[in-house]
Amino acid sequence: MKVNINKSWLPYIRDEFSKPYFLELVDFVKTEYQSYTCFPKSDLIFNAFEHCEFNNLKVVIIGQDPYHGVGQANGLCFSVNDGILHPPSLINILKELESDLQLPYPKSGNLEPWAKQGVLLLNATLTVRSGIAGSHQNKGWELFTDNIIKVVSEHKAKVVFLLWGNFAKRKAALIDENKHHILTTGHPSPLSANRGFWFGNRHFSKTNCLLEQAAQKTIDWSL
């Protein structure tokens with residue numbers, strides 16, 4: 001498992017890579033990728049950190065698992081590569097974006113432009129076996145990504161954390177609310193969104209308002 005990670009992160013998380021839990025995780029992931037079809041591609045596992053520089057980070061969106069369908073996962077939570085049909089949760093995210101900011105619904109579901117502007121698109125678990133949601137949970141990834149959230153909370157200021165759904169909301173315990181902004185809403189999955197827990201949250205415009213108040217450059221959410 002190759003750790004492709006922007007060098008700006010290394011002063012803060014280098015020690016994680018030598019911890020026993022992470023070494024065990026590496027062995028597990030290597031075996032899984034050798035034995036089964038897994039996602040994302042091995043060189044995209046740390047894609048969220050490759051595109052979002054630590055020094056530029058100002059927004060965090062937390063997902064749970066990578067997509068487990070063929071060709072979907074690209075290492076950024078909720079994101080798919082160009083030409084891939086938009087999964088249901090992503091459709092609802094983009095519909096809310098359309099409604100909130102009066103932007104046209106995009107053809108592309110690739111959220112890489114957000115990452116390059118300082119949005120960390122972080123799944124709690126960074127790998128998954130094809131067709132089996134949650135198959136790589138409780139193997140060590142959560143320890144790693146929880147520590148990432150703690151590092152951001154400790155070493156950054158006025159970051160906007162977008163916590164969508166109950167799983168993500170539990171991560172609020174890792175964040176210093178005196179230093180950062182936390183926005184919560186329901187999950188964008190159809191089950192939640194169709195019950196009225198997602199649409200109308202206006203998290204994209206609210207995020208930009210908070211960034212403006214902190215004298216930071218806002219996010220161009222268009223794709």
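Above this text is the structure in question.
Residues numbered from 1 in each chain as written. Predicted model: local features only at pLDDT ≥ 70, side-chain atom pairs only at ≥ 80, totals over all residues. Heavy atoms only, no water.

## Things to note about the side chain of S153
You can see S153 is positioned in helix α6 (residues 141–155). Apart from residues lying up to four places away in sequence, S153 is in contact with L174, I175, D176, K179 and H180. (Helix = DSSP H or I, 4+ residues; strand = E, 2+ residues; numbered from the N terminus. Contact = heavy atoms within 4.5 Å.)

## Regarding α6
Owing to its 3.6 residues per turn, the α-helix brings residues three or four apart onto one side. Between its terminal C-alpha atoms α6 stretches 21 Å, which fits the 21 Å expected from 15 residues at 1.5 Å a residue. Structurally, α6 contributes buried residues whose contacts are with α1 (10–13), α2 (20–35), α3 (47–51), β2 (59–63), β3 (119–123) and β5 (160–164). (Expected span 1.5 Å × (residues − 1).)

## Some details on the sheet that holds β2
One open sheet holds the 4 strands; their spatial order is β3-β2-β5-β6, and the pairing between them is parallel. Of all the strands in the sheet, just β3 and β6 (181–185) have a single pairing partner and so form its edges. Strand-to-strand twist in this sheet, taken as the mean axis angle between neighbours without regard to direction, amounts to 20°. (Pairing = 2+ DSSP bridges. Axes fitted to C-alpha atoms, helices over the stretch in contact; angles between N-to-C directions.)

## Quick word on the nonpolar core
Judged by nonpolar contacts, the single largest core of 64 residues is most densely connected at W9, F49, I61, W114, L120 and F144. Excluding residues that lie within four positions of it along the chain, L120 makes contacts with W9, A48, F49, C52, L57, V59, V60, I61 and I148. (Core = buried A, V, L, I, M, F, W, Y, C linked by side-chain atoms within 4.5 Å. Buried < 20%, exposed > 50% of the residue type's maximum accessible area, 1.4 Å probe, protein only.)

## Here's the deal with the pattern of salt bridges
Within this structure, the stated rule accounts for 5 salt bridges. For E16, the salt bridge goes to K19, with nearest N and O atoms at 2.7 Å. The class for E16 is buried, based on a relative accessible area of 9%. The exposure class assigned to K19 is partly exposed, which follows from its relative accessible area of 32%. With its nearest N and O atoms 3.0 Å apart, the salt bridge here joins K116 to E112. With a gap of 4 residues between them, K116 and E112 both fall in helix α5 (residues 112–116), about one helical turn apart. Taking relative accessible area as the criterion, E112 reaches 22% and is therefore assigned partly exposed. (Salt bridge = Lys/Arg side-chain N within 4 Å of Asp/Glu carboxyl O.)

## Focus on unusual backbone geometry
Following F39, the chain continues into P40 via a peptide bond in cis, with omega recorded as -5°. In this structure, F78 is a non-glycine residue whose phi angle is positive, near 70°. You can see F78 is positioned in the loop between β2 and α4 (88–101). If you check the backbone angles, A215 has positive phi at about 60° while not being a glycine. By the element assignment, A215 lies in the segment after α9 (203–213).

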